[in-house]
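Report on the structure
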Amino acid sequence: MKKISLLFFFIVFCLTTKAQTVKVGDTASEIAESSPEGDTIKLSSLRGKVVLIDFWASWCGPCRAFNPTLVRIYNKYKDKGFEIYGVSFDRDLRKWKAAIKSDKLNWIHVSDLKYWGSKVVEDYGVDLIPAAVLLDTNGKIVAVNPEGRQLEKKLKEMLK
């Protein structure tokens, strides 16, 4: 019984310490991954804009179901200083590109195509998708996993 308890503690410890947890007020960790065209795009290159880091994948049903909401919000706020930095946990470049085209996701996209092995998973503590982090113009986290209405309310406040 003692060995089982020790094993349980070890497993819980490993699972809870593997990923860093991001929180409001933190500065976002740098992300520098490849676009579908092969260009490296750094998250920090978007300083000066309000940025939603959208963690998703082409194979993720809930992600794809939320995309029309993101498209609507993006189109409403993109000319007011809002950008989406889509980070995909895909493995297949063709499927990733096809999902971007099919869902009409006309914002910045990056991926290392390492699936859940991506460094971003650990850096941002992503354990399920869809997930998102909203950043202010200085790269500070202002919201973690804001949903549609919540995201829009925050954008209205920030992009006056």
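Scroll up for the structure.
In this report, we go over the structure that sits alongside the text.

Analysis parameters
- Residues numbered from 1 in each chain as written.
- Predicted model: local features only at pLDDT ≥ 70, side-chain atom pairs only at ≥ 80, totals over all residues.
- Heavy atoms only, no water.
- Helix = DSSP H or I, 4+ residues; strand = E, 2+ residues; numbered from the N terminus.
- Buried < 20%, exposed > 50% of the residue type's maximum accessible area, 1.4 Å probe, protein only.
- Contact = heavy atoms within 4.5 Å.
- Areas by Shrake-Rupley, 256 points an atom, 1.4 Å probe, with all protein chains shown as cover.
- Polar contact = N/O pair within 3.5 Å; in protein donor to acceptor, adjacent residues only side chain to side chain.
- Pairing = 2+ DSSP bridges.
- Right-handed = clockwise from strand over helix to strand, strands pointing away.

**Here we look at the overall build of the protein chain**
Counting secondary structure elements, the protein chain contains 5 helices and 7 strands. Ordered by position from the N terminus, the helices and strands of the protein chain form the series α-β-β-β-α-β-α-β-α-β-β-α. Here the protein chain holds 160 residues, and 41% of them are scored as buried. Across the protein chain, the fraction of contacts at a sequence separation of at least 24, relative to all contacts at a separation of at least 6, is 69%. Element-wise, carbon and sulfur atoms account for 56% of the exposed surface of the protein chain, whose accessible area totals about 9,400 Å².

**Quick look at the side chain of Ser118**
One can find Ser118 in the loop between strand 5 (108-110) and helix 4 (119-124). Overall, Ser118 belongs to the buried group, its relative accessible area being 3%. Side chain to side chain, Ser118 and Glu33 meet in a polar contact 3.4 Å long. With near-sequence residues (within four places) excluded, Ser118 lies in contact with Glu33, Phe89 and Asp112.

**Observations concerning the pairing of strand 4 (residues 82-88)**
The element strand 4 is largely enclosed, with a buried count of 7 among its 7 residues. Both faces of strand 4 are covered, namely the face carrying Phe82, Ile84, Gly86 and Ser88 and the face carrying Glu83, Tyr85 and Val87. Note: strand 3 (residues 50-56) against strand 4, 7 bridges, orientation parallel. Its bridge partner lying in strand 4, Val50 is registered against Phe82. Taken together, strand 3, helix 2 (residues 61-77) and strand 4 form a β-α-β motif whose crossover is right-handed. Here strand 4 pairs with strand 5 via 3 bridges, running parallel. Within the sheet, the bridge partner assigned to Tyr85 lies in strand 5 and is Ile108.

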